[in-house]
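# Architecture at a glance
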Amino acid sequence: MNQPATYVRTALLRRLATAIGLLLTMAAGAQAEQTFSFDDTPGKLPKTVVPLSYAIELTPDLAGLALPGVETVDIEVREATARLTLNAINTTFGKVTIDDGAQRAEVATDAAAQTATLTFAKPLAVGPHKLRIAFTAQINKFGTGLFSVDYPTPSGIKRLISSKLEPADARRIFPCWDEPSFKASFALTVVIPRNLLAVGNMPVASEAPVAGDLKKVAFAPTPKMSSYLFVLAVGELERVTADAGGVTVGVVTTVGKSGQGRFALDSAVKLLAYYNDYFGVKYPLPKLDLIAVPGGFGGAMENWGGITFFESRLLFDPAANAETARRGIFAIIAHEMAHMWFGDLVTMAWWDNLWLNEGFASWMATKASEQFYPQWQNWLNGYGAKQFAMALDARRTSHPVQQPIADHSEAVTAFDAITYNKGQALIRMLETYLGEQAFRDGIRKYMAAHAYSNSTTADLWQALEASGGKTITGIAASFTEQDGVPLVLAETACDGTAQRLMLQQDRFVIAPANDPPLPAHSWQIPVAVGPAHGKPFDEILLKGSADIPAGACGDAIKVNLGDVGYYRVEYGPKNRAALLNAFPQMQVADRLNVVTDSWALVQAGRAEAPSYLALLDALDAGDHRAVWDQVISTFAALNRLSRDRAERPVIQAYARAKLRPVFDRIGWDGGGSGDDDTALLRASLISTLGDLGDAAIVAEAKRRFAAFLDDPNSLPTTLRDAVTHVVGVTADRATYDRLLTLARKSTATNERLRYYFAAASARDAELARATLALTLTGELPDTIVTGMINAVAGAGEQPQLAWDFVQANFDTLLARQGPNFRDQFVPNFMTNFTDQSHAAELAAFAPSQSTSGGRVMVARSVQAIAISADLAARVLPAAGAWIRAHKP
């Protein structure tokens, strides 16, 4: 029966309201958890049967993309049962037997639950058994499970296969108990063409020729680990290695690129030694490979013993990469290698504690960068990670760091800035509160106690308290078991010649003006307070309010000294005035903190836009990159919000006037190493000023690009991304075609991405249509298809054109990109819009409402659009009026 459109729309909006209600319930309903217990761990699979070890043989068909295999699983039956339920999806089952053919199972699959139930005629007795399953799975064209990548080489297009299984896609390769608490050992054998190299979690134990031009490669069994950490890569690969204290560290690349892995290899060797010492538990596997994959997915995956990376995130080519690219390469290697302990050796019991993996890996990566490259100032320059988390955490659709996760689709939604960045910020705050040595001692206890097993957040707090001598559970739980951002209200008052500081806790919220209020929260906040340029006071643990001595009358008192705390600060008028007078003398981190909090208060409706714009007058053109990066990001946000609005020309002119002196001070061609903050700021300013329509910047970028076409050495690598971006944004048809030609000629992934994305940024509507059509041709790496569509909408400023394209070609794109296109990409894409009509369109877009994870993402994006619409209506008129009255 066909239902009226109005009925369908109303029903879908009700489902959206239900999803928002679910998010609020998740945010409010977190309870203090217990230490790890397998039987009490959440999950979908019954715990009556557990796997002990898998012996898996796969024969991948790289041409036909079939994956036949057979596995023998040693299982432990904990309660007598005739039914075994495990995970499988898109898998055809052959013969399934138990105990050398004693019984044969009937197999029933549930595609929605992604499970297979094996039913035997007679119950299996308690104790050990051997389960044998013959099956055929699929090699995907999208970067999930085992997937294929077609990539260009000087001798033509080649194909390799690789895997990406987190959170729950080992089930796409072989039937298994695909939940993190079901740890087991994995012994893999693959039958592949003899000219190919196979890489797994462990070293090769044996290799022998078999029929035809094939060979059988057997890997040593892994230690006990979760199924999502399984890895397999097969292709025309080469490997360069080094010894690191008896562990063979390798970088694996496609043929001809291993030389570009030298920086990665050197970094991994010194990181392994650093982590061995820090964690007090040595890396337990005999080898660790870093595998460069030229497609499939855009980040990296911490498979134990075989970390996979999107190629451009791992390899460094001095002829094509800016020197500053080493920073990002080191950071992602440090993050993934930290997972060898946080995530692989000790694994969260269920996805509700994902932050134990990701927050800690993010924190440890920055700590390692500070250790080896202090000149990079990663805590300072990485300030944006915490700012992004706080912006999301201030919304109605936020969630606790520890959040309930119902199924695999919801697990995907947990990989967000709350989990990664808020988790990282909380760990840094707790380390500062406990002290570096006490915190490290606690981490070592935690690692030793839970190696080869699972844990919960309660296990971590227990270990830290045992070592630190301070009670932290209450502090930590107030940040991890409830959502939201604390707000500290701070004002000074004089009593004679003495000054006092009053602190009051509140909740910081960013929401549309007509939204109902969010419930109040209470935190235990370690607050660092002191003079704006002087010796800090003793740290305060703020549980509600406080009234403390604060020097002499008129002294500028700074709250959140060093910007370590995870909270916002709103100063009263007297203290804010004193701070602005002392602004130039503050430490960079404190100046940055004042600027970021000032803009956040505007976003929250607690301050007017002119208060932030006036603050910019206190900035020096020579201030630190991090401070100007914050200003650049705010101007970019205002530029996006003002698209198609009358205020845009005024805002763009003001932003150009503020940023141009900063650029003129450093110029197009500066000295230095090429790996410094000036080089990064220069590139950021060129891109931003180009986006803002600075005619001189655009003209010079075009001139330099034309010279580059004649002589590639004429354009320094540090400028290539920025110059190419500006050329792409302003491209005509001839320039657009040149960009595509450059992309098609290159075999270097980072170069191909540079030119493809520049072309996708063209603001000409006909060129935007050409880019969108290109995403359907198969020319582009599947990894960047969604990014190209987003570039058309964002940098290219054609969101409606791109949205029409997505809707018209949704089925084709979904088939090529996989379920994340439906559940993740579409909701995120729609935040390119800033009007309520498009929020309603998203709410009514049925495909993205088809899973619980998709509904969560839709609710988040609808809220984000509503916030943008409110901010545009509230801030842009006030900003425009102030700018007209205060032209710089």
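Residues numbered from 1 in each chain as written. Predicted model: local features only at pLDDT ≥ 70, side-chain atom pairs only at ≥ 80, totals over all residues. Heavy atoms only, no water.

Okay, the overall build of the chain next. If you tally the helices and strands in the chain, you get 28 helices and 30 strands. Its C-alpha atoms give the chain a radius of gyration of 28 Å, within 12% of the compact-globule value 29 Å for 888 residues. For the chain, the C-alpha atoms occupy an extent of roughly 90 × 70 × 65 Å along the three principal directions. Of all 888 residues assigned to the chain, the portion counted as buried reaches 60%. Put simply, of all contacts in the chain between residues at least 6 apart along the chain, 71% involve residues at least 24 apart. Taking the average place of the 81 positive charges on the side chains of the chain and the average place of its 90 negative ones, the gap between the two points comes to 2 Å. (Helix = DSSP H or I, 4+ residues; strand = E, 2+ residues; numbered from the N terminus. Rg over C-alpha atoms; globule rule 2.2 N^0.38 Å. Buried < 20%, exposed > 50% of the residue type's maximum accessible area, 1.4 Å probe, protein only. Contact = heavy atoms within 4.5 Å. Lys, Arg positive; Asp, Glu negative; His and termini not counted. Charge placed at Lys NZ, Arg CZ, Asp CG, Glu CD.)

For Val-240, the location among the structural elements is in strand β16 (residues 237–244). Since its relative accessible area comes to 17%, Val-240 is described here as buried. In this structure, the C-alpha to C-alpha distance between Val-240 and Ile-329, residues 89 residues apart in sequence, is 17 Å. Apart from residues lying up to four places away in sequence, Val-240 is in contact with Val-249, Gly-250, Val-251, Ser-258, Arg-262 and Leu-265.

Our next topic: the sheet that holds strand β30 (residues 568–571). Ordered by their spatial adjacency, 4 strands build an open sheet running β28-β24-β23-β30, and the pairing between neighbours is mixed. Across the chains shown, the open sheet's two edge strands, defined by having one partner strand only, are β28 (545–552) and β30. When strand polarity is set aside, the average angle formed by the axes of neighbouring strands in this sheet is 30°. Where strand β23 (residues 485–495) and β30 come together, 4 bridges link them in parallel fashion. Looking at the pairing, Leu-487 lines up with Arg-568 of β30. On top of the sheet, helix α12 (residues 573–581) reaches β23, β24 (498–508) and β30; it is set at about 90° to β23, its chief contact. (Pairing = 2+ DSSP bridges. Axes fitted to C-alpha atoms, helices over the stretch in contact; angles between N-to-C directions.)

Our next topic: the sheet that holds strand β6 (residues 106–110). Spatial strand order, β3-β7-β6: 3 strands in an open sheet with antiparallel pairing. Bordering the open sheet on either side are β3 (81–87) and β6, each of which pairs with just one other strand. Neighbour-to-neighbour, the strand axes of this sheet turn through a mean angle of 25°, independent of strand direction. With 5 bridges joining them, β6 and strand β7 (residues 115–124) adopt antiparallel strand pairing. Residue pairing across strands places Ala-108 opposite Thr-117, the latter belonging to β7.

Bringing the confidence of the model for the chain into the picture now. Residues with a pLDDT of 70 or more make up 96% of the chain, whose mean pLDDT is 93. Here residues 1–30 scores under 50 on pLDDT; set against residues more than four positions off or in separate chains, the count is 40 contacts. (pLDDT = per-residue confidence, 0-100.)

What the rule picks out here adds up to 1 disulfide. In this model, Cys-494 is linked to Cys-553 through a disulfide, with the two sulfur atoms separated by 2.0 Å. Of the two residues, Cys-494 is situated in strand β23 and Cys-553 in the loop between β28 and β29 (557–559); the sequence distance between them amounts to 59 residues. Residue classification places Cys-494 among the partly exposed positions, given a relative accessible area of 47%. (Disulfide = S-S within 2.5 Å.)

Here the focus is helix α2 (residues 262–279). In this model α2 runs 26 Å from its N-terminal to its C-terminal C-alpha over 18 residues, within 8% of the 26 Å that 1.5 Å per residue would give. Two residues or fewer after α2 comes Gly-280, characterised by a positive phi angle close to 75°. (Expected span 1.5 Å × (residues − 1).)

Looking now at the nonpolar core. Residues Leu-131, Trp-177, Tyr-275 and Val-559 are the most contacted members of the largest nonpolar core, which totals 280 residues. Top element by residues in this core is helix α28 (residues 852–885). It accounts for 11 residues. Among all residues touching Leu-131, those that are not within four sequence positions of it are Glu-71, Thr-72, Val-73, Ile-75, Leu-84, Val-96, Thr-97, Ile-98, Leu-118, Phe-120 and Trp-177. (Core = buried A, V, L, I, M, F, W, Y, C linked by side-chain atoms within 4.5 Å.)

Quick look at the pattern of salt bridges now. Tallying each qualifying case throughout the model produces 47 salt bridges. One continuous salt-bridge network, built from bridges that share partners, spans Arg-327, Arg-625, Asp-629 and Asp-677. (Salt bridge = Lys/Arg side-chain N within 4 Å of Asp/Glu carboxyl O.)

It is worth spelling out the packing of helix α24 (residues 799–808) against helix α26 (residues 819–829) at this point. Viewed as axis vectors pointing N to C, α24 and α26 meet at an angle of 160°, and their least axial separation amounts to 11 Å. Considering the angle they form, α24 stands roughly antiparallel to α26. Between α24 and α26 lies a crossing of left-handed hand. Together, Pro-799, Ala-802, Trp-803 and Val-806 of α24 and Phe-821, Phe-825, Val-826 and Phe-829 of α26 make up the contact between the two elements. (Parallel < 35°, antiparallel > 145°, perpendicular 65-115°, else oblique. Left-handed = near helix turned anticlockwise from the far one by under 90°.)

Here we come to the pairing of strand β4 (residues 92–98). Two strands pair when backbone bridges link them, and β4 and strand β8 (residues 127–138) are joined in this way by 5 bridges, in the antiparallel orientation. Counterpart to Ile-98 in the pairing with β8 is Leu-131. Across 2 bridges, the pairing between β4 and strand β5 (residues 103–104) is antiparallel. In the sheet register, Thr-97 faces β5, and the bridge partner there is Arg-104. What sits between β4 and β5 in their antiparallel hairpin is a turn of 4 residues, with Asp-99 showing a positive phi close to 50°.

Once that is clear, we can look at the packing of helix α23 (residues 785–793) against α24. Taken N-terminus to C-terminus, the directions of α23 and α24 make an angle of 145°; their axes are 7 Å apart at the nearest point. Contacts between α23 and α24 involve Ile-789, Val-792 and Ala-793 on the former and, on the latter, Pro-799, Ala-802, Phe-805 and Val-806. Here the residues of the contact of α23 with α24 sort into 7 nonpolar, no polar and no charged. (Nonpolar A, V, L, I, M, F, W, Y, C, P; charged D, E, K, R; others polar.)

Turning next to the side chain of Thr-688. Positionally, Thr-688 belongs in helix α17 (residues 677–691). Once you skip the residues sitting within four places of it in the chain, Thr-688 turns out to touch Ile-632 and Leu-659.

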